[in-house]
Amino acid sequence: MGPEPIDFVAEGLLDGLDGEQRTERLALLEQLVADGVPLSELRRTTASGTIVYLPADRVIVGSERFTSAEVAEMSGVEPDFLVAARRAMGLPIPGPDEAVYTAAELESARMTHVARDAGISDDDLLDLLRVLGRGLAQAAETMRALPLKLVLEPGMSEAELARGYAQAAAGLYPLVDPLVSSLLALHLRHATQSTVVSELERSGGLLPGSREVAVCFADLVGFTRLGEELPPDELGHLAARLEALATESAHAPVRLVKTIGDAAMLASPEPGPLLDAALELIDAADAEGEDFPQLRAGVALGRALPRAGDWFGRPVNLASRITAIARPGSVLAEREVRESAREAYGWSYAGERRLRGIREPVALFRVRRTSA
């Protein structure tokens, strides 16, 4: 005998739906039941408004689900830590009897022992999960929108949309793991190189191959707040526009090194052209109008190590820290930059500040163009 039929009306799975919407939801529910989706999943995704994504979800992470107690037993990880880890990643906490943990989450739980054996404390591991959760949540929203763009057509029924989305996700999902893994590895390599260079500088060591360079960071003011208000595609548009403006402002010998979400990094062997580029970039952002955030920029000069098109060393770290405290719509520079390009610009003293990761207080100056 097959499973007992589900009374969708009695279960409240059609509440608030009338006419065509009700008919489409009923067809989707029947399709999901035929595919073996349990009632608990239908209830959960109906309540969260994500039932259309359920077929794709089962393609991506499989159909097997576990309770927290089952994951704890199979992984050997304490239930309290599983809850703490899920909370750190920004994921909802299921009830003790809800089977929502996936096979991938079970495998991740087992990796907890690897981290502990390597000497990583639970608090440090939870801190890492918080950072990963914040960054990957935004990436996941963007990735989720891609299959939708491929399949969405006028007049599609809910069942057709769910089925088409699942098929598109199945085609794109094999790209996710190598893409995320390679990007994370590249960023980890970059962060490691930066840390090694910083520690070598702090210990008074020499940086073989280093040379003097002026570095500028410019970032979008209020981008973090905007991330809570705007959908990922609009945030992506702002970041792409920043990259275009920075590219247009980087006239030789200034080079756009990279963009990092809400920030652009530029470098030049001479501080003067870099200051011109920073001021031009600030003006270009202002000219975009009210829908584009203001920029702020920080500039530093010193010896740094070039590697694979990037730069590592004190001026990079210092420029980043200066940018974080600059006023919207302004360019803030350290004393060495001012002394190297003093005559060509207008300067005003902005005080001496202690900056995170910088040993000595830093004298700062706002720079502006002089009147013709």
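These notes cover the structure that comes with them.

What counts, and where the lines are drawn
- Residues numbered from 1 in each chain as written.
- Predicted model: local features only at pLDDT ≥ 70, side-chain atom pairs only at ≥ 80, totals over all residues.
- Heavy atoms only, no water.
- Helix = DSSP H or I, 4+ residues; strand = E, 2+ residues; numbered from the N terminus.
- Buried < 20%, exposed > 50% of the residue type's maximum accessible area, 1.4 Å probe, protein only.
- Contact = heavy atoms within 4.5 Å.
- Areas by Shrake-Rupley, 256 points an atom, 1.4 Å probe, with all protein chains shown as cover.
- Salt bridge = Lys/Arg side-chain N within 4 Å of Asp/Glu carboxyl O.
- Arc of directions from axis to C-beta.
- Phe/Tyr/Trp six-rings, centres within 6.5 Å; stacked < 30°, edge-to-face > 60°.
- Lys NZ or Arg CZ within 6 Å of the ring centre and 35° of its normal.
- Core = buried A, V, L, I, M, F, W, Y, C linked by side-chain atoms within 4.5 Å.
- Patch = residues over 30% accessible without salt bridge, like charges linked within 9 Å, V, L, I, M, F, W, Y side chains within 5 Å.
- Pairing = 2+ DSSP bridges.

**Quick word on the overall build of the chain**
Part 1 of the argument: Scanning the chain from N- to C-terminus turns up 14 helices and eight strands.
Part 2 of the argument: In the chain, buried positions account for 38% of the 372 residues.
Part 3 of the argument: Long-range contacts, defined as pairs at least 24 residues apart, comprise 63% of the intrachain contacts of the chain with a sequence gap of at least 6.
Part 4 of the argument: Carbon and sulfur atoms provide 55% of the accessible area of the chain, an area that totals close to 20,800 Å².

**Considering the side chain of glutamine 31**
Part 1 of the argument: Along the chain, the position of glutamine 31 falls in helix α1 (residues 19-34).
Part 2 of the argument: Beyond its immediate sequence surroundings of up to four residues, glutamine 31 is in contact with Ala159 and Arg163.

**Side note on the pattern of salt bridges**
Part 1 of the argument: As enumerated under the stated definition, the model contains 17 salt bridges in all.
Part 2 of the argument: Note that aspartate 57 is salt-bridged to arginine 65, the shortest N-O span being 2.8 Å.
Part 3 of the argument: One salt bridge in this structure joins glutamate 105 and arginine 86, with 2.4 Å as the shortest N-O distance. Of the two residues, glutamate 105 is situated in helix α6 (residues 103-117) and arginine 86 in helix α5 (residues 79-88); the sequence distance between them amounts to 19 residues.
Part 4 of the argument: Residue classification places arginine 86 among the buried positions, given a relative accessible area of 10%.
Part 5 of the argument: The network of salt bridges with common partners includes Glu41, Arg44, Asp57 and Arg65.

**Quick notes on helix α2 (residues 39-48)**
Turn by turn, an α-helix covers 3.6 residues, leaving residues three or four places apart pointing in a common direction.
Part 1 of the argument: Here α2 has its buried residues at Glu41, Leu42, Thr45 and Thr46. The arc that holds the buried residues of α2, viewed along the axis, is 125°, so those residues lie on one side.
Part 2 of the argument: Where α2 is buried, its residues contact α1 and α3 (54-61).
Part 3 of the argument: Downstream of α2 by one or two residues, glycine 49 has phi in the positive range, about 75°.

**A few points about the packing of aromatic side chains**
Part 1 of the argument: In this structure the tally under the stated criterion is three aromatic pairs.
Part 2 of the argument: Plain terms: the ring middles of tyrosine 349 and phenylalanine 365 are 5.3 Å apart, the flat faces sit at 50° to each other, and that makes the pair tilted. One end of the pair, tyrosine 349, is in strand β7 (residues 345-353); the other, phenylalanine 365, is in strand β8 (residues 362-369), with 16 residues separating them in the sequence.
Part 3 of the argument: Residue phenylalanine 365 is classed as buried on the basis of its relative accessible area, which comes to 6%.
Part 4 of the argument: A cation sits over an aromatic face here: arginine 116 above phenylalanine 81, 4.9 Å from the ring centre.

**So, the nonpolar core**
Part 1 of the argument: Counting residues in hydrophobic clusters, the biggest one holds 35 residues, and the most contacted among them are Leu266, Leu275, Val299, Val331 and Trp347.
Part 2 of the argument: Among the elements of the structure, β1 (211-220), α11 (232-249), β3 (263-268), α12 (271-287), β4 (295-307), β6 (331-334), β7 and β8 are those that each provide at least two residues to this core.
Part 3 of the argument: If you tally residues by element for this core, the top one is α12, at nine residues.
Part 4 of the argument: If we skip the residues at most four places from it in the chain, leucine 266 touches Ala214, Val215, Cys216, Ala246, Ala250, Val254, Arg255, Leu256, Val257, Leu274, Ala277 and Leu281.
Part 5 of the argument: Counting residues in each nonpolar core, the second largest holds 20 residues, with Phe8, Leu29, Val37 and Ala168 among its members.

**Regarding a nonpolar patch on the surface**
Part 1 of the argument: A contiguous nonpolar patch, built from Leu128, Leu132, Leu136 and Leu184 and spanning about 340 Å² of accessible area, is present on the exposed surface.
Part 2 of the argument: With three residues, the top contributor of residues to the nonpolar patch is helix α7 (residues 122-151).
Part 3 of the argument: Inspection of the secondary structure assignment puts leucine 184 in helix α9 (residues 176-202).

**A few points about the environment of alanine 88**
Part 1 of the argument: Tracing the sequence through the fold places alanine 88 in helix α5.
Part 2 of the argument: Alanine 88 gets classed as buried once you look at its relative accessible area, which sits at 10%.
Part 3 of the argument: A C-alpha to C-alpha distance of 7.4 Å links alanine 88 and aspartate 127, two positions 39 residues apart in sequence.
Part 4 of the argument: If near-sequence neighbours (up to four positions away) are discounted, alanine 88 is found in contact with Leu126, Leu129 and Arg130.

**As for the pairing of β1**
Part 1 of the argument: Counting buried positions over the 10 residues of β1 gives eight, a clear majority of the element.
Part 2 of the argument: Bridging between β1 and β4 involves 10 bridges; their strand directions are antiparallel. The partner of aspartate 219 across the bridge, within β4, is arginine 296.
Part 3 of the argument: Strand direction decides the pairing type here: β1 and β3, joined by six bridges, are antiparallel. Paired with alanine 214 across the strands is serine 268, a residue of β3.

**Some thoughts on the side chain of glutamate 158**
Part 1 of the argument: Mapping glutamate 158 onto the fold places it in helix α8 (residues 158-172).
Part 2 of the argument: Ignoring any residue separated from it by four or fewer positions in sequence, one finds glutamate 158 in contact with Glu24, Arg25, Leu28 and Val52.

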